[in-house]
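Take a look at the letters that make up each chain.
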Amino acid sequence: MLVLTRKIGESIKINEDVKITVIDVKGKNIRLGIEAPRETKIYREEVFLRIKEENQTAATSHQFDPTKVSQLVKDKIKK
Amino acid sequence: MKLETTRFGTLDIEENQVIEFPDGLYGFEKETGFTLLPFNPNVESPMEWMQSILSPHLAFVITDPHLYVPDYKLKLMEEDKKKVGLEVDAPFLTRCIVTIPENYTEMTANLVAPVVINSQKRIGKQFVLTGMEYDTRHYLLPDEMRTPTATPH
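Every value quoted in this text rests on a predicted model; they were computed, and no experiment measured them. (Residues numbered from 1 in each chain as written. Chains lettered and ligands numbered in written order. Predicted model: local features only at pLDDT ≥ 70, side-chain atom pairs only at ≥ 80, totals over all residues. Heavy atoms only, no water.)

(A) Quick peek at the pattern of salt bridges. Residues and elements named next belong to chain B. Per the stated rule, a full pass over the model turns up ten salt bridges over all chains. Here Lys 125 and Asp 23 are joined by a salt bridge, their closest N and O atoms 2.9 Å apart. Highlighted residues: Lys 125 in strand β10 (residues 123–126) and Asp 23 in the loop between β3 (18–20) and β4 (33–38), separated in sequence by 102 residues. Relative accessible area serves as the criterion here: at 11%, Lys 125 is assigned to the buried category. (Salt bridge = Lys/Arg side-chain N within 4 Å of Asp/Glu carboxyl O. Helix = DSSP H or I, 4+ residues; strand = E, 2+ residues; numbered from the N terminus. Buried < 20%, exposed > 50% of the residue type's maximum accessible area, 1.4 Å probe, protein only.)

(B) Summary view of helix α1 (residues 45–59) of chain A. Along its 15 residues, α1 of chain A runs 22 Å from first to last C-alpha, staying within 8% of the 21 Å computed at 1.5 Å per residue. Within the sequence span of α1 of chain A, burial applies to Val 47, Ile 51, Glu 54, Asn 55, Ala 58 and Ala 59 of chain A. With its buried residues spanning 135° around the axis, α1 of chain A presents them on a single face. Exposed side of α1 of chain A, more than 90 degrees from the buried face: Glu 45, Leu 49 and Glu 53 of chain A are the residues found there. Considering only its buried residues, α1 of chain A is in contact with β6 (59–63), β7 (93–99), β8 (108–109) and β10 of chain B. (Expected span 1.5 Å × (residues − 1). Arc of directions from axis to C-beta. Contact = heavy atoms within 4.5 Å.)

(C) The arrangement of the pairing of strand β1 (residues 2–5) of chain B in detail. Residue and element names in this part refer to chain B. Burial along β1 is one-sided: the residues Leu 3 and Thr 5 are buried and none of Lys 2 and Glu 4 is. Note that β1 and strand β2 (residues 9–12) share four bridges and pair antiparallel. Bridged to Leu 3 within β2 is Leu 11. In sequence, β1 turns back onto β2 through a hairpin of three residues. (Pairing = 2+ DSSP bridges.)

(D) Broad picture of unusual backbone geometry. Positive phi values are uncommon outside glycine, yet Asn 15 of chain A reaches one of about 55°. Position of Asn 15 of chain A among the secondary structure elements: in the loop between β1 (11–14) and β2 (18–26). Residue class for Asn 15 of chain A comes out exposed when judged on its relative accessible area of 66%. Although it is not a glycine, Arg 122 of chain B sits at a positive phi angle of roughly 55°. Note on placement: Arg 122 of chain B falls in the loop between β9 (115–118) and β10.

(E) Geometry of the nonpolar core. Within the largest apolar cluster, 37 residues are counted, with the highest numbers of intra-cluster contacts made by Phe 64 and Val 69 of chain A together with Met 47, Val 61, Val 98, Ile 100 and Met 107 of chain B. Looking at this core, the elements with two or more residues in it are α2 (66–78) of chain A together with β5 (47–52), β6 and β7 of chain B. Sorting elements by how many residues they give to this core places α2 of chain A first, with three residues. Setting aside chain neighbours within four positions, we find Met 107 of chain B in contact with Val 69 and Val 73 of chain A together with Met 47, Val 98, Thr 99, Ile 100, Pro 101, His 138, Tyr 139, Leu 140 and Leu 141 of chain B. (Core = buried A, V, L, I, M, F, W, Y, C linked by side-chain atoms within 4.5 Å.)

(F) Expanded view of the side chain of Asn 55 of chain A. If you trace the backbone, Asn 55 of chain A turns up in helix α1. Judged by relative accessible area, Asn 55 of chain A falls into the buried class, the value being 1%. A polar contact is formed between the side chain of Asn 55 of chain A and the backbone oxygen of Tyr 26 of chain B, at a distance of 2.8 Å. (Polar contact = N/O pair within 3.5 Å; in protein donor to acceptor, adjacent residues only side chain to side chain.)

(G) Structural view of α2 of chain A. Between its terminal C-alpha atoms α2 of chain A stretches 18 Å, which fits the 18 Å expected from 13 residues at 1.5 Å a residue. Lining the buried residues of α2 of chain A we find β5 of chain B.

(H) Representation of the interface of chain B and chain A in the model. Contacts between chain B and chain A engage 50 residues on the former and 33 residues on the latter. Between chain B and chain A, roughly 3500 Å² of surface is buried when both sides are summed, and carbon and sulfur atoms account for 64% of that area. The largest contributions to the chain B side of the interface with chain A come from Tyr 26, Tyr 104 and Met 145 of chain B, which together make up 14% of the buried area. At the boundary of chain B with chain A, the tally comes to two salt bridges. Glu 54 of chain A is the partner of Arg 137 of chain B in a salt bridge, and the nearest nitrogen-oxygen pair spans 2.6 Å. Looking at the side of chain B that touches chain A, the elements with two or more residues in it are β5, β6, α1 (78–83) and β7 of chain B. (Buried area = accessible area lost by both parts, 1.4 Å probe.)

(I) Inspection of the packing of aromatic side chains at higher detail. Under the defined criterion, the tally for this structure stands at ten aromatic pairs over all chains. On the basis of an interplanar angle of 15° and a centroid distance of 5.9 Å, the ring pair of Phe 64 of chain A and Trp 49 of chain B is categorised as stacked. One end of the pair, Phe 64 of chain A, is in the loop between α1 and α2; the other, Trp 49 of chain B, is in strand β5, on a second chain. Assigned by exposure class, Phe 64 of chain A and Trp 49 of chain B land together as buried. Their ring planes at 85° and their centres at 5.5 Å tell us that Phe 28 of chain B and Phe 60 of chain B sit as a pair that is edge-to-face. Separated by 32 residues along the polypeptide, Phe 28 of chain B in the loop between β3 and β4 and Phe 60 of chain B in strand β6 bring together distant segments of the chain. Like Phe 60 of chain B, Phe 28 of chain B is buried. Taken together, the ring pairs connect Phe 64 of chain A together with Phe 8, Phe 39 and Trp 49 of chain B into an aromatic cluster. (Phe/Tyr/Trp six-rings, centres within 6.5 Å; stacked < 30°, edge-to-face > 60°.)

Here's what the structure looks like:
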């Protein structure tokens, strides 16, 4: 991993078009400003962990009666 | 082709019923093929099963998020569309994976990571939405239809 030290207000550039600036540091929290082209996808990393976990949980669904589940959902959609 | 499944026994499906997921799903990166099956063979349902082609035990319940969140928005960028082989403006299916706990009235849908299916070319991919407006555990039923403590069967 490349490790760089930056002060508040300083930036790093990734390629020509992505700029990450250290806005503020308060205790353990660092505020970052990110400038990037609109199509760049920027995520908090935890999102991916949550989604993996949720897929995992969904894959181990409990036994259920599909007729009852369908009926409940249909009742809700009708409302 | 014959398809072994844990839930539905041995099925006979056509090759053209297989949807390719080149990247798999998050946490299931090796699951590169699924087929859609009726949720309940006898009754029409807003839900469907997404059964793995490779793992007999693996099947997800999916549903159309627009049925619950009418203004659900999935903006696909051009490069996203390319990943599922979509031409500009071509229609695609949006489905969310449903988690059904023991108390099934508390079932939830993952609105953050919808599954997008190009049904014409039969290519699918799970996308992750940027932004914070949706939940990975969105209750499908409103409060008054959920029974938090009892486990109805």
